[in-house]
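Each chain, letter by letter, is given below.
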Amino acid sequence: MQTPEQDIEAVLKESGPDYEGFRFETPGGGHQSDVYMVTLRHNGEAYEVVVKFKPPGDVPFAVEPCLHDFVATRTDVPVPRILVYEDDPDADVPPYFVTERVHGENLAEEFAELSTEDRRRVLAQSGRILGDMHSEIGFEAFGRLTFHDDRIIVSDWMGNWREYFESLTRSHLSHLDGTPFEDMTDRARDCIEPALEMVPEDGVPRLVHDDFRPANLLFEQTADAPITAVLDWQDVLAALPEYNLAQTEFLFIDSSFQDPELCESLRTVFHEGYQEVRPMEFDEGYEQRRPLYQLSTLLWRMAGFEAVFADESGLAAARAEAQYRQQFERLVEEIRAD
């Protein structure tokens, strides 16, 4: 097994220009260990790129660099430009792609300390970004996007949104086994099953970034549009937009802040940003379904809990576990109230 430095050196030798030296670092904010920010020197100048390797296991990888180009040509969503993609490298390294380095800080590391006004700017732009994605790109069925025969297709596709959402949520539940939250599986299932009748069966499947969260956004406070890049297009669905909207409200607002007035203020600018780009009624039906979509998102976070907090202190993991349990109780209560 090679070291990351040896892998990066092999990539630069295979795909990069002649260079005089390089250094690298890993991004913060919960990114995978297979992503590296590389600075190399060429003709006396410093150039910055990002190298991402395919993770171990049966993980879809080819769809991500393809989606960068797909989204960039159809929307105004800020995505890094793909410089190189090698599905079958000559070098002894996993498949990889190289993107330009977009300047900005990881939003997950900045979000808690931002002023209320900057948070409002972030939520308004997040709404516009999702509105853009949901307006311009549609599919014929619901499912996960993958790459096959040189094109993006919908795998595990279904024509019924309720059925697909149920299967997605059941998958999250099945992955709670062996986690600190496996004791909550039965309660979650008992809450979710009767509530599924609220979920629509029909609708136009739209492009949904299923990991749209602060850790996958770059942020530049002084920019007019503070989100400078949307990253990590590995987990992408053809789904109903309302699922993506409720999920984003959870990951940016409801799991981050306790103050009801602040939450509603941020929610309002998020909705308004979305409506600037795409018509949407945030009506009573949406509000009733929102906690169900959010519980599914929380179950997904619970299933990945140990991987995310593997390198954190025991105190940090215990605090996060307590927060997840509190969020679970709140969402279950909201679903049953409806």
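Right, let's walk through the structure included here. (Residues numbered from 1 in each chain as written. Predicted model: local features only at pLDDT ≥ 70, side-chain atom pairs only at ≥ 80, totals over all residues. Heavy atoms only, no water.)

1. Description of the nonpolar core
The criterion, for reference: Residues belong to one nonpolar core when they are buried, are Ala, Val, Leu, Ile, Met, Phe, Trp, Tyr or Cys, and are joined through side-chain atoms within 4.5 Å. Only protein chains enter the area calculation, which uses a 1.4 Å probe; residues under 20% of their type maximum are buried, those over 50% are exposed, and those in between are partly exposed. Whether two residues touch is decided by their heavy atoms; if any such pair falls within 4.5 Å, the residues are in contact.
Leu145, Trp161, Leu207, Trp233, Phe252 and Leu295 are the most contacted members of the largest nonpolar core, which totals 79 residues. Apart from residues no more than four positions distant in its own chain, Leu145 is found in contact with Val63, Leu67, Phe139, Ile152, Ile153, Val154, Leu207, Val236, Leu237 and Ala238. Leu12, Phe53, Tyr96 and Val98 belong to the second-largest nonpolar core, a separate cluster that totals 15 residues.

2. Description of helix H1 (residues 4–15)
What counts is decided by this rule: The way it works is that DSSP assigns letters per residue, a run of H or I at least four long becomes a helix, a run of E at least two long becomes a strand, and they are numbered from the N terminus. Take the number of residues in a helix, subtract one, and multiply by 1.5 Å to get its expected span.
Compared with the 16 Å implied by 1.5 Å per residue over twelve residues, the 16 Å span of H1 between its first and last C-alpha is a close match. Buried residues along H1 sit in contact with strand S1 (21–25), strand S2 (35–42), strand S3 (45–53) and strand S5 (96–100).

3. Some remarks on the pattern of salt bridges
Worth spelling out the cut-off: Basic side-chain nitrogens of Lys or Arg form a salt bridge, by our definition, when they fall within 4 Å of a carboxyl oxygen of Asp or Glu.
One pass over the full model with this rule turns up 20 salt bridges. The closest approach of N and O atoms between Arg162 and Glu201, which form a salt bridge, is 3.8 Å. Residue Arg162 is found in helix H5 (residues 161–174), and its partner Glu201 is found in the loop between helix H6 (185–195) and strand S9 (206–209); the two are separated by 39 residues along the sequence. Taking the relative accessible area as the measure of exposure, Glu201 reaches 36% and is therefore partly exposed. When the shortest N-O distance is used, the salt bridge between Glu242 and Arg289 registers 2.8 Å. Highlighted residues: Glu242 in helix H7 (residues 241–254) and Arg289 in helix H9 (residues 284–303), separated in sequence by 47 residues. Classification of Arg289 as buried rests on a relative accessible area of 16%.

Such coordinate-based values are descriptive only and should not be taken to indicate function.
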